[in-house]
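# Structure assessment
As a plain string of letters, each chain reads:
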Amino acid sequence: PFVAAMKRAGIKAKVRTGGVVASAVPSPESIVRFMRGCLDAGVAFKATAGLHHPLRAEYRLTYADDSPTATMFGYLNVLLATAASPEPSL
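A quick note: this is a predicted structure, and the numbers were derived from the prediction, not measured.

This paragraph deals with the overall build of the chain. Along the backbone of the chain there are three helices and four strands. Secondary structure elements of the chain occur, N-terminal to C-terminal, as α-β-α-β-β-β-α. Across its three principal directions, the C-alpha atoms of the chain cover 50 × 25 × 15 Å. Within the chain, buried positions represent 27% of all 90 residues. By sequence separation, contacts in the chain at least 24 residues apart represent 51% of the contacts at least 6 residues apart. Split by element, the accessible area of the chain, about 6,000 Å² in all, is 63% carbon and sulfur. Positive and negative side-chain charges of the chain, numbering 10 and 6 respectively, have mean locations separated by a distance of 12 Å.

Next up on the list: the pairing of strand E4 (residues 69-72). Side chains Ala 70 and Met 72 of E4 all project onto a buried face; the interleaved residues Thr 69 and Thr 71 project onto a face where none is buried. One ladder, built from four bridges, connects strand E3 (residues 57-60) with E4; its direction is antiparallel. Within the sheet, the bridge partner assigned to Ala 57 lies in E4 and is Met 72.

Criteria and cut-off values
All residue numbers refer to position in the chain's written sequence, counted from 1. Where local features are concerned, this predicted model is filtered to residues with pLDDT of at least 70; where side-chain atom pairs are given and counted, the filter is 80 or more; whole-chain, interface and lining totals use all residues. Heavy atoms from the whole structure form the basis of all side-chain values; hydrogens and water molecules are not counted. Note on conventions: DSSP H or I runs of at least 4 residues are helices, E runs of at least 2 residues are strands, and numbering of each starts at the N terminus. Exposure is judged per residue with a 1.4 Å probe applied to protein chains only, and the accessible area is read against the type maximum: over 50% gives exposed, under 20% gives buried, and values in between give partly exposed. Note on definitions: a residue-residue contact is assigned when non-hydrogen atoms from the two residues lie within 4.5 Å. The Shrake-Rupley method, run with a 1.4 Å probe sphere, supplies the accessible areas, and residue values consider only the shown protein chains as cover. Charged residues are defined narrowly, with Lys and Arg counted positive, Asp and Glu counted negative, and His plus the chain ends left uncounted. Note that the charge is assigned to NZ on lysines, CZ on arginines, CG on aspartates and CD on glutamates. Two strands pair under a simple rule: DSSP has to find at least two bridges between them.

Below is the structure:
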C-alpha cells in the first residue's frame, strides 16, 4: 500500500541497506520485498547506506579500526538483483 501511494503521488522510493550498527542492516528478504514492490508498481527507487563494497560480505560498519562488523550488501548485488528481477506482472 505504501509503494502504491508513492506511485499515485509521483514520488520515488529510498531504502537504507545499512548503517553504523549491525541492527541497521535489513534482511535480504526485506530488501527483495521492497525492490519487488517498487518494480511491480513502476516506482523508481534508490538504495543508500551500506553499499561501499561491490559484493555482499562481512565488513566493518565504520572506518574506525576497532569497528564492529556485519554482513553488508554489495552495490553489485543490489544492481544485479534488480536487473535480474522478472518483469512486473501487470
